[in-house]
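Listed here are the chains, written in short residue letters.
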Amino acid sequence: MEGRDNNGFIGDNSPSIVGQFRWNAPPANGVHVPGTQGVALTDVELAGGKTVHRTTASENVSRNGTGTAVPVQPSADRDQWGKGIEFLMSCIAMSVGLGNVWRFPFVALENGGGAFVIPYIIVLLLVGKPVYYMEMIIGQFSSRGSVKVYDMAPIMRGVGYGQLFSVATLITYYSSLMALIARYMIDSFMNPLPWAKCRQEWLPNCIDSEAKAMGSASYSVNGTGLSMASSSELYFTKVVLKELDGIDDGIGLPDLRLTLFLVLSWSLVFLTLIKGVKSSGKASYFLALFPYVVMTVLLVRACTLPGAVDGIVYFLKPQWDKIYDPKVWYAAVTQCFFSLSICFGNIIMYSSYNKFRHNVYRDATIVTSIDTFTSLLAGCTIFGILGHLAHVTGKTDVGNVVKSDAGLAFISYPEAIAKFEVLPQAFSVLFFLMLFVLGIGSNVAMTSCVMTVIKDQFPKVRNWQAATIIAICGVLLGSIYVTPGGQYVLKLVDYYGASSIALVLAIAELIAIGWVYGVDRLCKDTEFMLGHRPNLYWRLCWRWITPLLMFVILIYNLVTLEPLMYKQYVYPTIAYDIGWCIFAFGLLQLPIWGAYAVYKQSGKTLNEKIKNSFKPTPAWGPLDPATHYEYKKFIDED
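A brief report on the enclosed structure follows. (Residues numbered from 1 in each chain as written. Predicted model: local features only at pLDDT ≥ 70, side-chain atom pairs only at ≥ 80, totals over all residues. Heavy atoms only, no water.)

**Here we look at the packing of aromatic side chains**
Here is step 1 of the chain: This structure, assessed with the given rule, holds 49 aromatic pairs.
Here is step 2 of the chain: Where Tyr133 meets Tyr361, the ring centres are 5.4 Å apart and the plane angle is 70 degrees; that geometry is what we call edge-to-face. A residue pair is termed long-range when its members are at least 10 positions apart, and Tyr133 in helix H5 (residues 117–142) and Tyr361 in helix H13 (residues 360–393) qualify at 228 residues.
Here is step 3 of the chain: Centroid distance Phe141 to Tyr631: 4.9 Å. Interplanar angle 70 degrees. Geometry classified as edge-to-face. With Phe141 in helix H5 and Tyr631 in helix H22 (residues 625–637), this residue pair connects regions lying 490 residues apart in the sequence. Taken as a pair, Phe141 and Tyr631 share a single burial class, namely buried.
Here is step 4 of the chain: Linked through ring pairs, Tyr184, Trp195, Tyr235, Phe236, Phe410, Tyr413, Phe431 and Phe432 together constitute an aromatic cluster. (Phe/Tyr/Trp six-rings, centres within 6.5 Å; stacked < 30°, edge-to-face > 60°. Helix = DSSP H or I, 4+ residues; strand = E, 2+ residues; numbered from the N terminus. Buried < 20%, exposed > 50% of the residue type's maximum accessible area, 1.4 Å probe, protein only.)

This is how it looks when you write it as structure tokens:
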């Protein structure tokens, strides 16, 4: 083996990394040329296990009168990021989303305040960073999407299809949330804010959200039993959602205005993805950076409000007694898991468009650190606002002035903003615009994941065609969630189609990469690609710590499992049956595609077929033929 002057491999124009080498006389583009040393990749290897006819040099002489071999470029049509920074910005836009601004502050508050940050950071180091780095490595190394990446272990291909199904279910309702946010953003231009005052038909059980006397979303007055609600809550349930009391008699028809906002949301996603990563990469600068501009403006404004400091201190003050509660650690794992979007296929998909030598170690460190910083920044911003809300309402307990879940963004925050005396409209527009941009960034990533699987399976399909099909299906399925019973359906689909499946598929992915494919092989791949071998910390996490921790969380989740309800409403039996069918369909991808992989494997006996299905396919490795040749030699000589 001899060193190259630029320490890079043939066929890759990405920046060189110290410690990389090339083997003597590799074939040109993977095709053996007379006069060179080494053996070219076989037709079967280049075609992913399928036998194809390759034009030889002699055939070219007879056809073209030349002796030049026809090069094989199976990866020539695959998109790539225009610049490495576009990949980083896209990952930030994907990982930093609604969960950071919407969910993290109150998960932290409910689980120890400042003390929650300690288990969260520990979980980040043991789960978040290792899995994020692992998925970046495997995606960039193979240049394959979240399904074809399981060429490394065909029997586990069902993990990719299960995650694809989970992401698809997320997409169906995510844009409906974007429609709600867009509705509030447009309504925020009205003066006064439409949720600030009670409407005549809501009296006498309503109190103005702009009133200074009361701040909770719903309450009883003087123990009389008269149920009262704020105008912001009634505006959300009766005007925006037109929500039903139950879905026993159906979910109703889609709301026209919300449907138009749903179409708008999908139109923006479509325009962002119309040229694949080439267009989404350009949009990533805005999608990643603009929310920070708004968040900074909101934080500065929040800190100048009376009572804001008390709210921030309340958020960060540790409640040390809760650090020993297993619920806190469970909350830390789930928050880290969903906030970073690990084990959904999105990270594998994005990194598959990188140049082969891109420094993903650096990017994984940056994104995971920024995600945590953003969560803390958002927490300070939100609780600065809520501290002011507690101040104007005369409350001493900041935690009791708000409502969680969907009501957090659409009831509590609007109610707090309605109490601002100076420019509440500007504050409201900025807040919902920030949420909208964050949501678009995450939705673009999830839709890209589905697009990549389609294009990997059907290479002739163009980006705009795949984006059009997904957008149309997204609007049709998303219209279910903008009906009067839509929030009931959303809760059901989220629970059975995304949250419950995600943990099981995550463990399956960690087993597939860390045990079936093997940590040792993964480390060799990393050394070949980046020029250095992952240290003991990464190897221990990939093989032992992260899978075991995820398994413990899964067991805890099953032990503490409770029947799903929405606002104390018990779903009809048929709804639970549908939910379990959705759950079963996602998990059945594992045995179905595992059996199919065994069936398709070569081998005379069933035992041979099963053994071969655990091994990487002949085409596994870098897509570029010359780099693939280098890799085969590297593995054989190691």
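**A word on the nonpolar core**
Here is step 1 of the chain: Counting 174 residues, the largest nonpolar core has Tyr132 and Phe431 as its most contacted members.
Here is step 2 of the chain: The biggest single contributor to this core is helix H17 (residues 486–530), with 19 residues.
Here is step 3 of the chain: Those residues in contact with Tyr132 that sit more than four places away from it in its chain are Cys91, Met94, Ser95, Leu340, Ile342, Ile347, Ala364, Val367 and Thr368.
Here is step 4 of the chain: Grouped together as the second largest cluster of nonpolar side chains are 15 residues, Ile247, Leu492, Tyr569 and Tyr571 included. (Core = buried A, V, L, I, M, F, W, Y, C linked by side-chain atoms within 4.5 Å. Contact = heavy atoms within 4.5 Å.)

**Let's talk about empty space enclosed by the protein**
Here is step 1 of the chain: Counted by the stated rule, this structure contains 1 cavity of 30 Å³ or more.
Here is step 2 of the chain: Estimated volume of the largest cavity: approximately 70 Å³.
Here is step 3 of the chain: Along its surface, the largest cavity is lined by Asp79, Leu273, Gly276, Val277, Tyr353, Ser448, Met451, Thr452, Lys455 and Asn463. (1 Å grid on protein atoms, 1.4 Å probe; cavity = no way out; pocket = protein on both sides within 12 Å on 5 of 7 lines; lining within 4 Å. Points joined across faces, edges and corners; volume = space filled by probe spheres on them.)

**Overview of helix H20 (residues 589–600)**
Here is step 1 of the chain: Counted at 1.5 Å a residue, the expected span for H20 with its 12 residues is 16 Å, and the 16 Å between its end C-alpha atoms agrees.
Here is step 2 of the chain: Inspection of H20 places Gln589, Gly594, Ala597 and Val598 among the buried residues, and these make up the whole buried set. Viewed along the axis of H20, the buried residues span an arc of 155 degrees, placing them on a single side of the element. The exposed residues of H20 that point more than 90 degrees off its buried face are Tyr599 and Lys600.
Here is step 3 of the chain: Along its buried surface, H20 packs onto helix H6 (157–187), helix H19 (573–587) and helix H21 (606–613). (Expected span 1.5 Å × (residues − 1). Arc of directions from axis to C-beta.)

**Let's talk about the state of the cysteines**
Here is step 1 of the chain: In total, this model carries 1 disulfide according to the counting rule given.
Here is step 2 of the chain: Paired by a disulfide, Cys198 and Cys206 hold their sulfur atoms 1.9 Å apart. Handedness here is read from the sign of the S-S torsion; for Cys198 and Cys206, about -85 degrees, the answer is left-handed. (Disulfide = S-S within 2.5 Å.)

**Brief notes about helix H11 (residues 326–340)**
Here is step 1 of the chain: For H11, spanning 15 residues, the distance from its first C-alpha to its last is 21 Å, which sits close to the expected 21 Å at 1.5 Å a residue.
Here is step 2 of the chain: Among the residues of H11, Val328, Ala331, Ala332, Val333, Thr334, Gln335, Cys336, Phe337, Ser339 and Leu340 are the ones counted as buried.
Here is step 3 of the chain: At the N-terminal end of H11, a side-chain oxygen is found 3.0 Å from the backbone nitrogen of Lys327, two or three residues along, and the residue is Asp325.
Here is step 4 of the chain: Once H11 ends, the next one or two residues include Ser341, with phi positive near 65 degrees. (Polar contact = N/O pair within 3.5 Å; in protein donor to acceptor, adjacent residues only side chain to side chain.)

**Concerning the environment of Met134**
Here is step 1 of the chain: Relative to the assigned elements, Met134 resides in helix H5.
Here is step 2 of the chain: According to the relative accessible area criterion, Met134 is buried, its value standing at 0%.
Here is step 3 of the chain: Separated by 227 residues in the primary sequence, Met134 and Tyr361 place their C-alpha atoms 9.3 Å from one another.
Here is step 4 of the chain: If we ignore the near neighbours within four places in the chain, the residues touching Met134 are Glu509, Leu510, Ile513, Leu522 and Trp542.

**Structural notes on unusual backbone geometry**
Note: most peptide bonds trans; most residues except glycine with negative phi.
Here is step 1 of the chain: Note the cis peptide between Asn191 and Pro192, where omega equals 0 degrees.
Here is step 2 of the chain: Looking at the secondary structure, you find Pro192 in the loop between H6 and strand E1 (206–207).
Here is step 3 of the chain: With an omega of 5 degrees, the peptide bond between Leu203 and Pro204 qualifies as cis.
Here is step 4 of the chain: Relative to the elements of secondary structure, Pro204 occurs in the loop between H6 and E1.
Here is step 5 of the chain: Even without a glycine there, the phi angle at Lys242 is positive, about 55 degrees.
Here is step 6 of the chain: With respect to the helices and strands, the residue Lys242 is situated in the loop between helix H7 (231–240) and helix H8 (256–273).
Here is step 7 of the chain: We note that Leu423 has phi near 45 degrees; this positive angle belongs to a residue other than glycine.
Here is step 8 of the chain: Counting through the fold element by element, Leu423 comes out in the loop between helix H14 (406–418) and helix H15 (424–457).
Here is step 9 of the chain: On the basis of relative accessibility, which here comes to 58%, the residue Leu423 falls in the exposed class.

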